[in-house]
Amino acid sequence: MTAEPVPQQTAPKSQTIKSAVVRFAGDSGDGVQILGDQFTSSTASEGNDLATLPDYPAEIRAPAGTVAGVSGFQIQFGSENVHTSGDVPDVLVAMNPAALRRNISELRKGGLLVLNAGAFSAANIDKAGYAANPLEDGSLSEFNVMAIDITRLTNLAVEPAGLGTKDAARCKNFWTLGLTYWLYSRPLDSTLAWIGSKFSGRPDLALANQLALKAGNAYGETSELFHHRYHVPAAKLPPGDYRSITGNTALAWGLIAAAQRSSRQLVLGSYPITPATELLQELSKHSQLGVTTVQAEDEIAAVGVAIGASYTGSIGVTTTSGPGLALKMEAIGLAVTMEVPLVIVDVQRGGPSTGLPTKTEQADLLQAIFGRPGESPVCVLAASTPGNCFDVAIEAARIATKYMTPVIVLSDSTLANGAEPWKLPVLDDLPDLRCHQEPPPKDDFKPYRRDPATLARAWVTPGQKGYEYRIGGLEKDALTGNVSYDPMNHERMTELREAKILGISADIPDAKVESGPASGQLLVVGWGSSYGPIREAVERLNARSIAVSHLHLMHLNPFPRNLGELLTRFEKILVPELNRGQLSQLLAARYRVEVRSYNKMQGRPLTVSEIEEQILAQLED
Amino acid sequence: MDAPTTAQLTKKDFTTNQEPRWCPGCGDYAVLNTVRKVLPELGIPKENFVWVSGIGCSSRFPYYVETFGLHTIHGRALPIATGIRVANPQLSVWVATGDGDALSIGGNHLMHCLRRNVDIKVLLFNNRIYGLTKGQYSPTSELGKVTKTSPSGSIDSPIDPLTLAIGCGATFVARSYDVAGDHLAETLKRAANHRGTAFVEILQNCNVFNDGAFDAITNRATVQDRQLRVEHGRPLRFGPNQSRGLRLNSRTLSLDIVENADDPKHESELFVFDESNPLHAGLLARLSGEGVPTPMGVLHQVRRPTYEARLDEQRSHNASRQYTSLDALFRSGHTWRVD
């Protein structure tokens, strides 16, 4: 084991920087996610803009000390707009050899590497797959290494709390957090208070973690190991009240808000599946806000519950990930032909099959649009940032109820677990979603008579006297809804179902260039969670006077009306996606344009630098 | 909305203008006829009924009953019916399903609906064959059954629907048959009045692909010997003049036939049926074999809170424990102000 670095006798310089990227990594049981959440919370308090990305293994507790069991959390924070969790960490905190091995290749050269030297036992070094101790073999010479025996220092710090060895060792994460706070000139107050309330039932644990936090902080101050400490000034966000929010929380809250703005009950049918489970967990806490949740026996039952509830006049919602969406497809087709509202949320993950349950991908777009038997059109939307998940949930409910149609919302693992500052909305300022409030005239009621503007049928629900009608999955007469095998009627119904969905394009905002010139040489078109990296890459290049533009699509079926025309204003179109080119195919087929794809299938988000590289390559091509 | 009314509803009020498209002679006609007679007698406003079905011959049922109706997809009627009940507990929700729909493709949903005790009336039309696809063996077809997909005889052991339902913790389990008339009507009325999932197996003849499957049980000539009409609190008796009965064999834990049951010296040996005891229901559901009668009627009924009642109870319980405004939820945890 290496000795700790010899303290230097000069006081560290405080340096103001615009932004920083910090990654925490450790064993699944090291409390890395709590560390990350607390660091995020304090970063938000300081007024920084930020974006985070947790990265955890699919196994709940993979064997301790192995690379498979490494859990990570990355945050980028800054005094200007922050769109991503950062390509490359400036600081890596690794709690054991496996965490080092898993992450070191991504640390910026010259970056600060904080290691828990106390975890570098021969056994752990071996478990991580190192042939020799990386602290001693010179392999870390490109980095600014701070190897500190965090285990021992934590044990010393928490002694007054009188914990057993195991509990004492668990306080390492707060010791490390304390040190990181020192590094970024942060106050400890809010975390000390959080620990107090979190462990209110265990005063000994509360005391120990508070002692650990303070000790880590004091170590930064007194050890004189660090040459610099940093200060990231507050960002200039629009005025308002803020909180940090993840995509899954924002989506759940958006669904509640949508139901309230519809004056209807929210009924969620769902079955747990990573990374969508938090939606069910969050919504199950809010029966007082008009939510009923049914944890169904499987994915199909879950969508069935939602369909039954929608038919009965509630906002029926089902939440899932790609494999679950596949199972629900027959039932979604039923909702298409029954013409009832339905919101289906797909938090995408790596596929096919079980694939990469905890990793991100955008490969369900074509499944969402086309993956049902027969001509079965639905509306498809995608969220672009964690906070945007709230808005997309409301837009989905608006379209579903107004047009009596299923709407599939695509989120993904990056958005679901990533966090950003979110300005609290004012409920009364959200769109009024009340529709179908008055039943149609009772005389000569026909279940499939349509509103000429939207082509939607009336949302008549059981209990409404004098409207008793019967429909189902069999093809229906275009007016009465009675079973019809008439060939021309089937063709007409097929066209009506298609026209109804296409008609939504007249009811959504035009596509608009997000950043960069309104016409020119290159347009980067994205959807979903690639918003952050594309936006940042385009802004960086624009700042270097390189003309490139960014368009981001929320409405993927139907597309905005002006999309085809907008695409023609650019010489080249680049579509970066975490799939093999699904939006590319849609754009090329629909608008007959040449699309250049950039595809990545690594279970990780796009990085700013790879998009920049692609843009530059396309401009030169 | 008009006030709900139940006054003067008749069979005609529950008859749609749709011509049933079952084969002539199908047992479904008889069930439909009985259902149309029973519904007006339940005191429930017509607009509060919803009939839900999956896929199969019997699943066409909703088209022929003049209430709200949904003919859904194969096997999934129960989850959809659950969504309807959860969204509006005022509704009287009925599911028409078959042995394939409920026990094969939808088997999982049946199990969970029963254990949750959602207030749904489940009518399982058991004809022991796949009719709509024209004659393949079903989960209730007997071992060795020769069909289009089992030319050498089925090698699948059949499921007993009642035993399954009891095993799932069903709170109401009954059996009747298509042409049982009043017996079916009474059974359906008791199902309608049950709070919770009411599971009714209706033995139904498919005269095209499995004709006579239940003849031995339903034939008028032998009905007294082959049917055991169970009645809560009464000894189990059957046969001409109720001259035969059943007693518990405590060694084999099965029900043995007692001849001359009307003889006072045998009467005390007879097994007194308690419908609230699931073990009684289990013994009866397992009755089978040569010369053994098939139980008919309500085999099991207990009171247990419904799923919807428990949802309601939790909602009240949570009134003081959860956020009651969305704005308060937004402001929960750590927030900060930017000026």
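Residues numbered from 1 in each chain as written. Chains lettered and ligands numbered in written order. Predicted model: local features only at pLDDT ≥ 70, side-chain atom pairs only at ≥ 80, totals over all residues. Heavy atoms only, no water.

S.K.: Help me understand the domain arrangement of chain B, please; the structure alone is not making it clear to me.
M.R.: Where the parts come together, the accessible area they lose is often given as the size of the interface. Residues and elements named next belong to chain B. When its domains are assigned, chain B resolves into domain 1 (11-234 + 274-307) and domain 2 (238-272). For domain 1 versus domain 2, the separation of C-alpha centres amounts to 29 Å. In this complex, domain 1 contributes 14 residues to the contact, which on the side of domain 2 involves 13 residues. For the pair domain 1 and domain 2, the summed buried area comes to about 1,000 Å², and 69% of that belongs to carbon and sulfur atoms. Taken as a group, Q224, D225 and L283 account for 44% of the area that domain 1 buries against domain 2, more than any other trio of residues on that side. For the interface between domain 1 and domain 2, the tally reads one salt bridge. The closest approach of N and O atoms between R244 and D225, which form a salt bridge, is 3.0 Å. For the pair domain 1 and domain 2, the number of links is two residue pairs in polar contact (both at pLDDT 80 or more). (Domains from an automatic or database assignment. Contact = heavy atoms within 4.5 Å. Buried area = accessible area lost by both parts, 1.4 Å probe. Salt bridge = Lys/Arg side-chain N within 4 Å of Asp/Glu carboxyl O. Polar contact = N/O pair within 3.5 Å; in protein donor to acceptor, adjacent residues only side chain to side chain.)

S.K.: Looking at this model, I keep getting lost on the sheet that holds strand β9 (residues 240-246) of chain A. Mind explaining?
M.R.: Each strand in a sheet pairs with another by means of backbone hydrogen bonds, the pair being arranged parallel or else antiparallel. Taken together, the three strands give an open sheet; going across it, the order is β16(A)-β9(A)-β12(B), and neighbouring strands pair in antiparallel fashion. Pairing within the sheet leaves two strands with one partner each, and these edge strands are β16 (419-423) of chain A together with β12 (335-338) of chain B. Taking the axes of each pair of neighbouring strands and ignoring which way they run, one obtains an average angle of 35 degrees across the sheet. Relative to β16 of chain A, β9 of chain A runs antiparallel, the two sharing five bridges. The partner of R243 of chain A across the bridge, within β16 of chain A, is W422 of chain A. Of the strands in this sheet, β9 and β16 of chain A are in contact with helix α9 (residues 247-262) of chain A, which crosses β9 of chain A at around 115 degrees. (Pairing = 2+ DSSP bridges. Helix = DSSP H or I, 4+ residues; strand = E, 2+ residues; numbered from the N terminus. Axes fitted to C-alpha atoms, helices over the stretch in contact; angles between N-to-C directions.)

S.K.: Explain the interface of chain A and chain B to me, please; I cannot follow it from the model alone.
M.R.: Listed per partner, the contact involves 69 residues of chain A and 59 residues of chain B. Note on chain A versus chain B: buried area summed over both sides is about 5,400 Å², and carbon and sulfur give 59% of it. Among the residues chain A hides against chain B, the three largest losses belong to Q288, E297 and R470 of chain A. Together they make up 14% of the total. Between chain A and chain B we count four salt bridges in total. Notably, a salt bridge pairs E66 of chain B with R470 of chain A, separated by 3.3 Å at the nearest N-O pair. Our enumeration of links across chain A and chain B arrives at 25 residue pairs in polar contact (both at pLDDT 80 or more). The set of elements that each furnish at least two residues to the side of chain A that touches chain B consists of α1 (32-45), β9, α9, β11 (291-295), α11 (299-311), α12 (322-338), β16 and β17 (470-472) of chain A. Here the side of chain A that touches chain B takes seven residues from α11 of chain A, the largest share from any one element. Grouping the amino acids of the side of chain A that touches chain B by side-chain chemistry returns 35 nonpolar, 23 polar and 11 charged. (Nonpolar A, V, L, I, M, F, W, Y, C, P; charged D, E, K, R; others polar.)

S.K.: What is the right way to read the sheet that holds strand β4 (residues 70-78) of chain A from this model?
M.R.: All names here are of chain A. The mixed open sheet is built from six strands, whose spatial order is β3-β4-β2-β5-β6-β7. At either end of the open sheet lies a strand with only one pairing partner, and these are β3 (49-55) and β7 (144-148). Averaged over neighbouring strand pairs, the angle between their axes works out to 15 degrees when direction is ignored. Bridging between strand β2 (residues 19-27) and strand β5 (residues 91-94) involves four bridges; their strand directions are parallel. Bridged to V22 within β5 is V91. Sheet strands in contact with helix α6 (residues 172-183) are β2, β5, β6 (112-116) and β7, and its direction is about 155 degrees off that of β6.

S.K.: Which parts of the structure should I look at to understand the pattern of salt bridges?
M.R.: Should the charged atoms of two oppositely charged side chains come close, the side chains can pair. Residue and element names in this part refer to chain A. If you walk through the whole model with that rule in mind, you get 51 salt bridges over all chains. With its nearest N and O atoms 3.8 Å apart, the salt bridge here joins D149 to R152. R152 gets classed as partly exposed once you look at its relative accessible area, which sits at 41%. Note that R535 is salt-bridged to E539, the shortest N-O span being 2.7 Å. Placement of the pair is R535 and E539 together in helix α17 (residues 531-543), with a separation of four residues, close to one helical turn. (Buried < 20%, exposed > 50% of the residue type's maximum accessible area, 1.4 Å probe, protein only.)

S.K.: Help me understand the environment of A132 of chain A in this model?
M.R.: Residue and element names in this part refer to chain A. When you line up the elements, A132 lands in the loop between α3 (122-127) and β7. Residue classification places A132 among the partly exposed positions, given a relative accessible area of 36%. Each C-alpha atom, one on A132 and one on A122, is 8.8 Å from the other, the two residues being 10 residues apart in sequence. In this structure, A132 is in contact with I125 and D137, ignoring residues within four places of it in sequence.

S.K.: What is the right way to look at the confidence of the model for chain B in this model?
M.R.: Reading predicted coordinates in detail is not appropriate for stretches of low pLDDT. Residues of chain B with pLDDT of at least 70 account for 98%, and the chain-wide mean is 95. If you check the scores for this complex, the pTM reads 0.95 and the ipTM reads 0.97. (pLDDT = per-residue confidence, 0-100.)

S.K.: What's the story with a negative patch on the surface in this structure? I'm lost.
M.R.: A cluster of acidic residues, E375, E491, E495 and E498 of chain A, forms a negative patch at the surface. For E498 of chain A, the position within the fold is in helix α16 (residues 487-503). (Patch = residues over 30% accessible without salt bridge, like charges linked within 9 Å, V, L, I, M, F, W, Y side chains within 5 Å. Areas by Shrake-Rupley, 256 points an atom, 1.4 Å probe, with all protein chains shown as cover. Lys, Arg positive; Asp, Glu negative; His and termini not counted. Charge placed at Lys NZ, Arg CZ, Asp CG, Glu CD.)

S.K.: Explanation requested: the domain arrangement of chain A in the structure shown.
M.R.: Residues and elements named next belong to chain A. What the domain assignment lists for chain A is domain 1 (13-231), domain 2 (243-429) and domain 3 (513-620). Here domain 1 and domain 3 have C-alpha centroids that lie 36 Å from each other. Contact residues are listed per partner, giving six residues for domain 1 and 10 residues for domain 3. Carbon and sulfur atoms make up 47% of the surface buried where domain 1 meets domain 3, a total of about 670 Å² over both sides. Looking at the side of domain 1 facing domain 3, the largest losses of area belong to H83, T84 and D87, adding up to 72% of the total buried there. Counting every contact that joins domain 1 to domain 3 gives one salt bridge. Ionic pairing is found between R604 and E106, a salt bridge with its closest N-O pair at 2.8 Å.

S.K.: What is the right way to look at unusual backbone geometry in this model?
M.R.: Backbone phi values are negative for most residues with the exception of glycine, while trans is the configuration of most peptide bonds. Residue P352 of chain A is bonded to the preceding G351 of chain A through a cis peptide linkage, with omega at 0 degrees. Within the secondary structure, P352 of chain A sits in the loop between β13 (342-348) and α13 (365-370). Cis geometry marks the peptide bond from N557 of chain A to P558 of chain A, where omega comes out at -5 degrees. Mapped onto the elements of the fold, P558 of chain A is located in the loop between β21 (555-557) and α18 (563-567). A positive phi angle is found at S185 of chain A, which is not glycine, with a value near 55 degrees. For N260 of chain B, which is not glycine, the phi dihedral falls at a positive 50 degrees. Tracing the sequence through the fold places N260 of chain B in the loop between β10 (254-258) and α9 (264-267). According to the relative accessible area criterion, N260 of chain B is partly exposed, its value standing at 48%.

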